[in-house]
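Notes for the structure review
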Amino acid sequence: MMLPAASTNTILLAVLVTVTARITPGDRVGRRAIFRGALAAVGALSALAILAYLNDRTGGSLQIAIPGHLFRVGRHGSPALHPHTLQSLIALALVEEVAKYIVIAPWCPVIPTKNAFRIPAHHRDRAGSRQRTLQAGATGVGFASAEHLLFLILPIGLFLRRLVFATSLHAVTATLYARPRILRQRGAEGPAPLVDTALLALGVTVHLGYNLILRGLDGLTVF
């Protein structure tokens, strides 16, 4: 029963990644954005694993744990801290959103598409903002897709729900860090610490709220 579910889930995930790459301007651009998001997910999960290990070594003083049976870190096979704690969920949201922000940050240049220079100069700012937003969304999908790999053995119904909602969460918060239209007058590039801090705080809040709502429904961790 587990094998057919894993196979079906793999197909569903492959469809998600393929469609995302196709709808992002320029297939190669879409693939690069997805890959960048996947690398961010690996970095975030690695950081969380380190935090969980340190938490275990310090007897739980860090108040950090990675929820989910695949990432239980603790003595005698038990989690170092109960995964339903608010501290853990805050840490999860913060680490993951910071990882996404780093790879989508405004100082990262827009990856040009092959028809970018055909756009009239007075429309390039708007086109660049739209392109940055789409690439950020694809990066969010890549982030979610890397996490989906950890849940391929879930029942198909649960995996499909995660595929829809967790992907939407990561894509939506990722687009925040592209600063769509917020800095239109100044251009999409350049530092804006207050704006970026506010957007990152909003992304963390949305992520945390999402996980709290889902845990309140059935306790299923979706990161």
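Numbering of residues starts from 1 in each chain and follows the order in which that chain's sequence is written. In view of the model being predicted, local features appear only for residues whose pLDDT reaches at least 70, and side-chain atom pairs are presented and counted only at 80 or more, with totals across whole chains, interfaces and linings using the full set of residues. Hydrogen atoms and water are omitted, and side-chain values are computed over all heavy atoms in the structure.

**Brief notes about the overall build of the protein chain**
Within the protein chain one finds 6 helices and 0 strands. Secondary structure elements follow DSSP: runs of H or I of four or more residues count as helices, runs of E of two or more count as strands, with numbering from the N terminus. Ordering the α and β elements of the protein chain from the N terminus gives α-α-α-α-α-α. Throughout, exposure labels follow a simple rule: accessible area from a 1.4 Å probe, protein chains only, divided by the maximum for the residue type, with under 20% read as buried, over 50% as exposed, and the rest as partly exposed. Relative to its full complement of 223 residues, the protein chain shows a buried share of 45%. When checking whether two residues touch, look at their non-hydrogen atoms; a contact exists if any pair is within 4.5 Å. Taking as baseline every contact in the protein chain between residues at least 6 positions apart, the subset at least 24 positions apart corresponds to 70%. Carbon together with sulfur atoms contributes 70% to the accessible area of the protein chain, which is approximately 11,700 Å² in total. With residues, only the protein chains shown are counted as cover, and all accessible areas are computed by Shrake-Rupley using a 1.4 Å probe.

**Comments concerning the pattern of salt bridges**
We count a salt bridge whenever a side-chain nitrogen from Lys or Arg sits within 4 Å of a carboxyl oxygen from Asp or Glu. Enumeration according to the criterion identifies 2 salt bridges in this entry. The partner of Lys-100 in a salt bridge is Glu-97, and the shortest N-O contact between them spans 2.9 Å. Highlighted residues: Lys-100 and Glu-97, both in helix 3 (residues 86-104), separated by 3 residues, approximately one helical turn. Assessed through its relative accessible area of 0%, Lys-100 is described here as buried. Ionic pairing is found between Glu-147 and Arg-162, a salt bridge with its closest N-O pair at 3.3 Å. Linking Glu-147 in helix 4 (residues 124-148) with Arg-162 in helix 5 (residues 156-176), this pair joins segments that are 15 residues apart in sequence. For the pair shown, Glu-147 and Arg-162 are each scored as buried.

**Notes on a nonpolar patch on the surface**
Patch definition: residues with relative accessible area over 30% and no salt bridge; like charges joined within 9 Å; nonpolar side chains (Val, Leu, Ile, Met, Phe, Trp, Tyr) joined within 5 Å. Together, Ile-11, Val-15, Val-19 and Ile-23 make up a nonpolar patch on the protein surface, roughly 380 Å² of accessible area in all. Of note, Ile-11 is situated in helix 1 (residues 2-23). Residue classification places Ile-11 among the exposed positions, given a relative accessible area of 56%.

**Let's talk about the nonpolar core**
Among the nonpolar cores identified, the biggest contains 25 residues, and Ile-104, Phe-143 and Tyr-177 are the most heavily contacted of them. Tallying contributions element by element places helix 3 first for this core, with 8 residues. Among residues more than four places away in sequence, those in contact with Phe-143 are Gly-37, Ala-38, Ala-40, Ala-41, Ala-44, Glu-96, Ala-99, Lys-100 and His-170. Leu-13, Leu-16, Phe-159 and Ala-171 belong to the second largest nonpolar core, which has 9 residues in total. We call a set of buried residues a nonpolar core when its members are Ala, Val, Leu, Ile, Met, Phe, Trp, Tyr or Cys and they connect through side-chain atoms within 4.5 Å of each other.

**Points about helix 5**
A rise of 1.5 Å per residue sets the reference length of helix 5, with its 21 residues, at 30 Å; its end C-alpha atoms lie 30 Å apart and thus fit the reference within 8%. When helix 5 is considered as a whole, its buried residues turn out to be Phe-159, Arg-162, Leu-163, Ala-166, Thr-167, Leu-169, His-170, Ala-171, Thr-173, Ala-174 and Leu-176. Each residue after the first adds 1.5 Å to the expected span of a helix.

**What about the confidence of the model for the protein chain?**
Predictor confidence is given residue by residue as pLDDT, running from a minimum of 0 to a maximum of 100. Here the protein chain averages 75 in pLDDT, while 66% of its residues score no lower than 70. Within the protein chain, helix 5 carries the highest mean pLDDT (92), whereas helix 4 carries the lowest (82). Long-range and interchain partners of residues 67-84, a stretch whose pLDDT sits below 50, account for 38 contacts in this model, where long-range means more than four residues apart. Across residues 111-125, confidence stays below pLDDT 50; counting only partners more than four residues off in sequence or on other chains, it has 18 contacts.

**With respect to the environment of Val-164**
Along the polypeptide, Val-164 turns up in helix 5. The sequence separation of Val-164 and Leu-16 amounts to 148 residues, and the corresponding C-alpha distance is 9.5 Å.

**Things to note about the side chain of Arg-162**
The class for Arg-162 is buried, based on a relative accessible area of 2%. For this analysis, a polar contact is any N or O atom pair within 3.5 Å, provided that within protein one partner can donate a hydrogen and the other can accept it, and provided that sequence-adjacent residues contribute only side-chain to side-chain pairs. In terms of polar contacts, Arg-162 uses its side chain to reach the side chain of His-148, at 2.9 Å.

**Comments concerning the environment of Thr-175**
For Thr-175, the location among the structural elements is in helix 5. Polar contacts involving the side chain of Thr-175 include one to the main-chain carbonyl oxygen of Val-172, which spans 2.6 Å.

**With respect to the packing of aromatic side chains**
Planes of paired rings set the category: under 30 degrees apart is stacked, over 60 is edge-to-face and the rest tilted, where pairs are Phe, Tyr or Trp rings (Trp by its six-membered ring) whose centres lie within 6.5 Å. One pass over the structure, following the stated rule, counts 1 aromatic pair. Ring geometry for Tyr-101 versus Tyr-177: centroids 5.8 Å apart, planes at 85 degrees, classification edge-to-face. Here Tyr-101 is found in helix 3, whereas its partner Tyr-177 is found in the loop between helix 5 and helix 6 (193-218), with 76 residues between them in sequence. The exposure class of Tyr-101 is buried, given its relative accessible area of 13%. Look at Tyr-177 and you get buried, because its relative accessible area is 1%. A cation over an aromatic ring shows up here: Lys-100 above the ring of Phe-143, its NZ or CZ 5.4 Å from the ring centre. A ring has a charge above it when a Lys NZ or an Arg CZ is no more than 6 Å from the ring centre and no more than 35 degrees off the ring normal.

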